Amino acid sequence: EGIVGFNTAQAGGGLYIESSHNNTMSNLVVISNTTTSDNAGGGIFLTNSHNNNIFSEIISNSSTGPNPRGGGIRLQNSHSNTIDSKVMFNTTANNAGGIYIINSSFNKISGQIISNTSLNGSGVYIWGGVSNLISALIQNNNNSSYGPIYILSSHFNVISNSQIFSNTAGNTSGIYITSANSNTIISSTFANSSGDTGGVFANNVNGLWILNSYLTNCGPNKVINLQDVQNLTISNCYIGGSSTNTTIGVYETTDIGGHIFVENKFITNNLKALYREAAPLSEITDISLVNNPFVIDASITRDNIVTNQ
């Protein structure tokens, strides 16, 4: 318990924790700390540490080095930790305004990640490692480019029971996944976000499952954006945009094939088109064509419907 605030350091502006295991930090307020080097972790830097729990408030910290990452918390080479905290109003000019996870595995992120700011991954940025879990409220975060969840070269992660609301970005205001394989998005809600892609943008991905999720009022141009994606499944999702003039539900930036697309519901009152097939290029507005595997080059596509609610 207590307050850790108004400090400046090269790494871990509030707390620097190294090679520490099986600890719990509870009811701390880590506020208005700053780090000045690339090592970052404006509020907390946790490195080479495992099986720790953070149940605290991480507020208004910043990372200001020449290549800063992790305005609120940085986890580095650290495994099986739990962060169930309020991570709010943290900033960095580069990546990971809220939480930065690098080369770390089996961590669980929950709680509230709100109103953080960065270039990419303003809420949570994962680079490397495997099998991290995000189950959190991620709201009102601001990205200049991609985010608020950014997954790079990290595999077997799960985003489950998350609410991703009202985030803004120049490009992707939901989840951006790149060079990362076998990730799952399940039972999560994306809504009221503004960016070229409002839901999920997957780029250079082998293995992605988007299941039982709501992607509504996402846009303005794309809800789900697919580029160089293999082994894709989208199932039992609501897909809705923000504009009948511009938003496309599922947008193939490059041609994909062999995917599974079943039992999805397109909310047509805010969509220009249901599906954009990259080769041959066509914008599909007829649900019967979406359910035709030869048209969208899918291994299985069936029971997709349209609705106005």
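Thresholds, definitions, all that
- Residues numbered from 1 in each chain as written.
- Predicted model: local features only at pLDDT ≥ 70, side-chain atom pairs only at ≥ 80, totals over all residues.
- Heavy atoms only, no water.
- Helix = DSSP H or I, 4+ residues; strand = E, 2+ residues; numbered from the N terminus.
- Rg over C-alpha atoms; globule rule 2.2 N^0.38 Å.
- Buried < 20%, exposed > 50% of the residue type's maximum accessible area, 1.4 Å probe, protein only.
- Areas by Shrake-Rupley, 256 points an atom, 1.4 Å probe, with all protein chains shown as cover.
- Polar contact = N/O pair within 3.5 Å; in protein donor to acceptor, adjacent residues only side chain to side chain.
- Contact = heavy atoms within 4.5 Å.
- Salt bridge = Lys/Arg side-chain N within 4 Å of Asp/Glu carboxyl O.
- Pairing = 2+ DSSP bridges.
- Core = buried A, V, L, I, M, F, W, Y, C linked by side-chain atoms within 4.5 Å.
- Phe/Tyr/Trp six-rings, centres within 6.5 Å; stacked < 30°, edge-to-face > 60°.
- Lys NZ or Arg CZ within 6 Å of the ring centre and 35° of its normal.

Colleague: Is there a simple way to explain the overall build of the protein in this structure?
Modeller: The secondary structure content of the protein amounts to two helices and 33 strands. Its C-alpha atoms give the protein a radius of gyration of 19 Å, within 12% of the compact-globule value 19 Å for 309 residues. In the protein, which comprises 309 residues, the share counted as buried stands at 57%. By element, 47% of the accessible surface of the protein is carried by carbon and sulfur atoms, the whole surface being about 11000 Å².

Colleague: Honestly, the side chain of Lys222 in this entry has me stumped. Any pointers?
Modeller: By the element assignment, Lys222 lies in strand S25 (residues 214-235). Looking at Lys222, its side chain comes within polar contact range of the side chain of Asp196, at 2.6 Å. For Lys222, the residues in contact, after removing those within four places along its chain, are Asp196, Thr197, Gly198, Gly199, Thr247, Ile248 and Tyr251.

Colleague: Which parts of the structure should I look at to understand the pattern of salt bridges?
Modeller: If charged atoms from side chains of opposite charge come close, those side chains can pair. With the rule as written, the count across this model stands at four salt bridges. For Glu263, the salt bridge identified is with Arg302, shortest N-O distance 3.5 Å. Residue Glu263 is found in the loop between strand S28 (259-262) and strand S29 (265-267), and its partner Arg302 is found in strand S32 (residues 298-302); the two are separated by 39 residues along the sequence. Look at Arg302 and you get partly exposed, because its relative accessible area is 40%. The partner of Glu283 in a salt bridge is Lys272, with the nearest N and O atoms 3.5 Å apart. You can see Glu283 sitting in strand S31 (residues 282-284) and its partner Lys272 sitting in the loop between S29 and strand S30 (273-277), a full eleven residues away along the chain.

Colleague: Could you clarify how one ought to interpret the pairing of strand S5 (residues 34-40) in this entry?
Modeller: Moving residue by residue along a regular strand, the side chains alternate between the two faces of the sheet. In terms of strand pairing, strand S2 (residues 8-11) meets S5 through three bridges, oriented parallel. Bridge pairing in S5 places Ala11 opposite Ala40. One ladder, built from two bridges, connects S5 with strand S8 (residues 62-63); its direction is parallel. Bridging across to S8, Thr35 finds its partner in Ser63.

Colleague: When you look at the side chain of Ser104 in this model, what are you seeing that I'm missing?
Modeller: Note that Ser104 resides in the loop between strand S12 (99-102) and strand S13 (108-114). At 3.0 Å, the side chain of Ser104 forms a polar contact with the backbone nitrogen of Ser78. Here Ser104 is in contact with Leu75, Gln76, Asn77, Ser78, His79, Gly128, Gly129, Val130 and Asn132, once residues within four sequence places are set aside.

Colleague: Can you help me understand the nonpolar core in this one?
Modeller: For soluble globular proteins, nonpolar side chains are generally found buried alongside one another. The biggest cluster of nonpolar side chains holds 58 residues, and the ones touching the most others in it are Ile99, Ile134, Ile185, Ile224 and Phe266. It is S25 that provides the largest number of residues to this core, a total of eight residues. When near neighbours in sequence (up to four residues on either side) are disregarded, Ile224 contacts Val200, Ile210, Leu215, Ile234, Ile239, Gly249, Val250 and Tyr251. Of all hydrophobic cores here, the second largest spans eight residues; its members include Ile102, Tyr125, Tyr150 and Tyr176.

Colleague: What is the right way to look at unusual backbone geometry in this model?
Modeller: Most peptide bonds take the trans form, and the phi angle of most residues other than glycine is negative. At the junction of Gly219 and Pro220, the peptide bond is cis and its omega measures out at 15° in the coordinates. Within the element layout of this structure, Pro220 appears in strand S25. Cis rather than trans, the peptide bond between Ala279 and Pro280 has omega equal to -5°. Along the chain, Pro280 turns up in the loop between S30 and S31. Of note, Ser166 is a non-glycine position whose phi angle comes to about 55°, a positive value. As for its placement among the helices and strands, Ser166 is situated in the loop between strand S20 (163-165) and strand S21 (168-169).

Colleague: Quick question: what am I supposed to make of the packing of aromatic side chains here?
Modeller: Think of a pair of aromatic rings as described by two things: how far the centres are apart, and how the planes are tilted against each other in angle. This structure, assessed with the given rule, holds ten aromatic pairs. With centroids separated by 5.6 Å and ring planes inclined at 65°, the aromatic side chains of Tyr100 and Tyr125 adopt a geometry described as edge-to-face. Remark: Tyr125 occurs in strand S15 (residues 124-127) and Tyr100 occurs in strand S12; sequence separation between them is 25 residues. On the basis of relative accessibility, which here comes to 1%, the residue Tyr100 falls in the buried class. Ring plane angle 50° and centroid distance 6.2 Å describe the contact between Tyr146 and Phe201, whose orientation is recorded as tilted. Of this pair, Tyr146 sits in the loop between strand S17 (142-143) and strand S18 (149-152) while Phe201 is found in strand S24 (residues 189-211), placing the two residues 55 residues apart along the sequence. The ring centre of Tyr251 lies 4.7 Å from the NZ or CZ of Lys222, which sits over that ring.

Colleague: Honestly, the environment of Leu137 in this entry has me stumped. Any pointers?
Modeller: Along the chain, Leu137 turns up in strand S16 (residues 133-139). As for Leu137 and Ser153, which are separated by 16 residues in sequence, their C-alpha atoms are 23 Å apart. If we ignore the near neighbours within four places in the chain, the residues touching Leu137 are Gly111, Gln112, Ile113, Ile114, Gln163 and Phe165.

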